[in-house]
Every structure is written in C-alpha cells, then in structure tokens.
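Descriptive analysis of the structure
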Amino acid sequence: RGGVATSVAPRHGPPPPPLSAPGVCAGHPRYRAIFISDTHLGTPGCQAGALLDFLRRTESEFLYLVGDIVDGWQLKRRWHWHQSHNDVVQKLLRKARKGTSVVYIPGNHDEGARHFLDLAFGDIVIRAEATHVTADGRRLLVTHGDFFDGVVRCAKWLALLGDALYVFILRVNQHFNAARARLGLPYWSLSQYLKHKVKNAVRYIGAFEDALVREARTRGFDGVVCGHIHKAELRFVDGILYCNDGDWVESLTALVEHDDGTLEILHWPG
C-alpha cells in the first residue's frame, strides 16, 4: 500500500508544474524527511486510522509535526478522543525513541504547547519554528503558518467562528459521502469545493501564500514549509519554494524529502 506522489525536481532542475504527474510509492519507503500537519487529533474529523497506517508504513531520519496536531479548540468545546488518536501519539513517541529526529512546531489549534518551547517530551522537541536543510543544500523555513494569517492574529473570534462552520461542513460532508459510497461513487470534499469557488477564500489563500514566501525571501531561506490552510501545494513563487503539506482531515497528505533532496506531496489512501 502506498500513496500517490507528486514530485518537485532537485535544486538545479527546471521548476515543475504544480501538483501534476502523479505516481505511486509502494511498499514501506524510507525518506530523509517527512512533514505532516493539521492532523486535528481530538476531533471526529481526524482521519487517525489513515494517519496511523501512514506512520507505520513509512520511516524517516527527520519527522516534522507542523502544527495543529492536537485540536485544543475542539477539545475545549467537546471531548472526543478515540483509541486510534492515542495510538497515533504512541507511534510518534515510539519513532522518537527509536532514533527519528521528531520536531513539533505548534499551530493555533495547539497553541498551548507554545508554553513549552525548546523542551523535549518523550524525545520530541518543541520549537516555535525550524530550519530544515535538504540533501541538496536548500534551507527551508518550517512554520505552521498561523502567524501569517491576519484573521487568526487580529480577529481570533472570527477564526473560532470559521472553525465552527468548518466542523459543521465536515459533518454534512460525512453524511453526504456515506450516501455517495452506497451508490458506488468516490469521495468528494464539500469544503474543498467551497474554498475553490468562493472568491474571498481564494484571495485569502493567495495572500497567505504570498506572506510566507515574502518572509522566507526576507530571511534568506530558499523556501518555506507550512500547513494551516489544509491545501497541499508544492511550487516555486518567484524563485522561492512554497510547500504546504496539507492535512489529515480530508486531504490525507504529507510532504516528503528523498535522499537526493527531491520533495514530494504524498496523497495517502483513506
């Protein structure tokens, strides 16, 4: 079992088309680095089973947890913690014990962990951000991305409202796709459809990406790795590599680095 992969050429190759030319990664691959974010453990929408399968079937030298791993916002409203969520946490701790360098970069949904920056819990180190150097020498800024989201930083009440609406849409989506499955139809994401159709959402995503690219350029990085907006992306923006590893609520995606520095977005089966 493997994931559908979309690759970006190494440093000196030509810029690739965004998220195209998919392939298949079979077996139990080992990567130089894996980046995952927005797992939202503690919520009904978390695809913990698929995430656990991914963690069991892949290995890496570096593993970056790029924020919103545990959803503190939702846990404050309603407690939801399935055994599979506990299994994911145990698997992450086991990987760290066995030698994987695991770095946890909190996001806005797990912002409470920011009180413990530079401390280690079970060999997992918590950082505000990280610098990852690829095998071919590129310096990548690794950050969740919420500090570059004007809504989260300046109007948290609006972000909380948007989060509640997103949870509602996910619940509707679950019933809708259960009906589609009975008819033999594939999964279809209502929230992703709305994001792409609503002009304000499209502008919001574009502004978010531009802000992160500017930050990376200003600070002398070759690229940036983030999460936050639940939209996997891998492309060059004016010479800066923008990487978003997606989420484990709907997309089931991860960013991976191969031994030669090649980066890919993996789409894991649900």
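What comes next is a walk through the structure. (Residues numbered from 1 in each chain as written. Predicted model: local features only at pLDDT ≥ 70, side-chain atom pairs only at ≥ 80, totals over all residues. Heavy atoms only, no water.)

A closer look at the sheet that holds strand β8 (residues 130–133)
Strand order in this open sheet of five strands is β8-β9-β10-β12-β11, and the pairing throughout is mixed. What marks the edges here is a single partner per strand, and that holds for β8 and β11 (233–237). Strand-to-strand twist in this sheet, taken as the mean axis angle between neighbours without regard to direction, amounts to 20°. Direction of pairing for β8 relative to strand β9 (residues 139–142): antiparallel, over a ladder of four bridges. Note that in β9 the partner of T131 across the bridge is L141. (Pairing = 2+ DSSP bridges. Helix = DSSP H or I, 4+ residues; strand = E, 2+ residues; numbered from the N terminus. Axes fitted to C-alpha atoms, helices over the stretch in contact; angles between N-to-C directions.)

As for the layout of surface pockets
Of the pockets and cavities examined, the second largest pocket occupies roughly 440 Å³. Along the wall of the second largest pocket there are 21 residues; nearest its centre are V70, Y104, D110, A113 and I126. Secondary-structure elements contributing two or more residues to the lining of the second largest pocket are α2 (72–77), α3 (83–97) and β7 (124–126). The residue inventory of the lining of the second largest pocket, partitioned by class, reads 14 nonpolar, four polar and three charged. (1 Å grid on protein atoms, 1.4 Å probe; cavity = no way out; pocket = protein on both sides within 12 Å on 5 of 7 lines; lining within 4 Å. Points joined across faces, edges and corners; volume = space filled by probe spheres on them. Nonpolar A, V, L, I, M, F, W, Y, C, P; charged D, E, K, R; others polar.)

Comments concerning the pairing of strand β5 (residues 101–104)
If a strand is regular, its side chains alternate between the two faces of the sheet. Sheet topology places strand β4 (residues 59–65) next to β5; four bridges connect them, and they run parallel. Each bridged residue has a counterpart across the sheet, and for L65 the counterpart in β5 is Y104. Across three bridges, the pairing between β5 and β7 is parallel. Pairing of V102 across the sheet is with I124, part of β7.

A word on a nonpolar patch on the surface
A surface patch of nonpolar side chains, amounting to about 280 Å² of accessible area, comprises F116, L119 and F121. Here L119 shows up in the loop between β5 and β6 (120–121). Owing to a relative accessible area of 43%, L119 belongs among the partly exposed residues under this scheme. (Patch = residues over 30% accessible without salt bridge, like charges linked within 9 Å, V, L, I, M, F, W, Y side chains within 5 Å. Areas by Shrake-Rupley, 256 points an atom, 1.4 Å probe, with all protein chains shown as cover. Salt bridge = Lys/Arg side-chain N within 4 Å of Asp/Glu carboxyl O. Buried < 20%, exposed > 50% of the residue type's maximum accessible area, 1.4 Å probe, protein only.)

Here's the deal with unusual backbone geometry
The backbone of D68 sits at a positive phi, close to 55°, despite the residue not being glycine. Here D68 shows up in the loop between β4 and α2. Judged by its relative accessible area of 2%, D68 is buried. One non-glycine residue, D123, adopts positive backbone phi at about 70°. Note on placement: D123 falls in the loop between β6 and β7. With a relative accessible area of 49%, D123 lands in the partly exposed category.

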